[in-house]
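Examining the three-dimensional arrangement
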Amino acid sequence: MKLVRHGPAGAEKPGLIDASGALRDLSGVVTDIGPATLGRDSMSRLARLDTSTLPRVPPGTRLGACVGGVGNVIGIGLNYADHAAEAGLKPPGQPIVFNKHNGAISGPNDDVWLPPGALKLDWEVELGIVIGERAFHVGEAEALDCVAGYCLVNDVSERAYQMEYEGQWVKGKSYPTHCPIGPWLVTPDELGDPQDVDLWLEVNGQRRQSGSTRTMIFGVKTIVSYLSRFMVLQPGDVIPTGTPPGVGMGHKPPLYLKAGDVMRLGGRGLGEQRQTVVASPAG
């Protein structure tokens, strides 16, 4: 299945993409695509629906983040061997863990805000894990059973806030609109092997990132199992798993986003996103 949330920001309704590519409304079946509907029993019921009986949603309707009610966004840093090499850094021996504030979440095609005075706004295409079942001290053999599905994430990052200010990375990762998610939540049976997903990102029509989850240092099952040793992962939690090479910071000289720039990104089975960078309404 490919599950979506459609409609105006803050008033999204649940939906799905049917076999023909049409958007269908799920409002008569579930209240949202979120923690209460991501468990195995609920997802199995959705998979058995006759999608032809569901109302069609008009083409061009806005898509919101494909998961609502997200409690935590838990990022994994420096998780691609080729990305570590471009950054001139030694690959980590354990996953690097950081948080993005859930207030950063936005729709896949919503504008991305450039913070006032920000000079180092960067892009990061990523595979996102969406947790469907409570995970606490789970082994790698059981970890994938806790995954409801996967989604595309743009881990937008302000590098000065992240690297040059004192404290943790969260300041550079959490500005509103800096976590576009979607367009859809794709279930594991439809995606197939999460360690065989090609990812790409373009800025103003020029390819900047090309990579594959095959080069991840820590794979999906390892990440879920590892995190569950230190916290209880809850349904609806989203885990961006790191980015392949080609981020703006890695170019020589570095390349950063400015107002008017357009990002387009995608991944095998994950769909595509498109965002325009605009000045923050904060000034």
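Just above, that's the structure.
Residues numbered from 1 in each chain as written. Predicted model: local features only at pLDDT ≥ 70, side-chain atom pairs only at ≥ 80, totals over all residues. Heavy atoms only, no water.

**Some thoughts on unusual backbone geometry**
- That bond from glycine 182 to proline 183 is cis: its omega, 25°, falls within 30 degrees of zero.
- Of note, proline 183 is situated in the loop between β12 (179-180) and β13 (185-186).
- The step from lysine 252 to proline 253 runs through a cis peptide bond, and the omega angle for that step is -5°.
- The phi dihedral of leucine 78 is positive, around 50°, even though this residue is not glycine.
- Turning to its location among the elements, leucine 78 is positioned in the loop between β4 (73-77) and α2 (81-86). (Helix = DSSP H or I, 4+ residues; strand = E, 2+ residues; numbered from the N terminus.)

**Things to note about the nonpolar core**
- Core analysis: the largest hydrophobic core is formed by 46 residues, its most contacted members being Ile129, Tyr150, Val224 and Leu270.
- Listing elements by their share of this core, those giving two or more residues are β4, β7 (112-114), β9 (125-131), β10 (147-154), β14 (198-203), α6 (220-227) and β17 (262-267).
- Those residues within four positions of leucine 270 in sequence are excluded, and the remaining contacts are Leu127, Tyr150, Cys151, Leu152, Gly182, Pro183, Trp184, Val186, Leu191, Val197 and Leu199. (Core = buried A, V, L, I, M, F, W, Y, C linked by side-chain atoms within 4.5 Å. Buried < 20%, exposed > 50% of the residue type's maximum accessible area, 1.4 Å probe, protein only. Contact = heavy atoms within 4.5 Å.)

**A few points about the pairing of strand β1 (residues 2-6)**
- Within β1, 4 of the 5 residues are buried, which leaves it mostly tucked inside the rest of the structure.
- Where β1 lies against β13, 2 bridges are found, and the strand directions are antiparallel. Residue pairing across strands places leucine 3 opposite leucine 185, the latter belonging to β13.
- Alignment of β1 against strand β2 (residues 13-17), held across 4 bridges, turns out to be antiparallel. (Pairing = 2+ DSSP bridges.)

**A look at the state of the cysteines**
- All chains considered together, the criterion is met by 0 disulfides.
- The cysteine cysteine 66 is free of any disulfide, with cysteine 151 supplying the nearest cysteine sulfur at 4.2 Å.
- With no disulfide of its own, cysteine 179 lies closest to cysteine 151 among cysteine sulfurs, the gap being 8.2 Å. (Disulfide = S-S within 2.5 Å.)

**What about the sheet that holds β14?**
- A sheet is described by the order of its strands in space; here 5 strands give the open sequence β7-β18-β17-β14-β15, paired in mixed fashion. Two strands lie at the open edges of the sheet, namely β7 and β15 (206-212), each paired on one side alone. Between one strand axis and the next, the sheet turns by 20° as a mean value, whatever way the strands run.
- Where β14 lies against β15, 6 bridges are found, and the strand directions are antiparallel. Bridging from a neighbouring strand, leucine 199 pairs with glycine 211 of β15. (Axes fitted to C-alpha atoms, helices over the stretch in contact; angles between N-to-C directions.)

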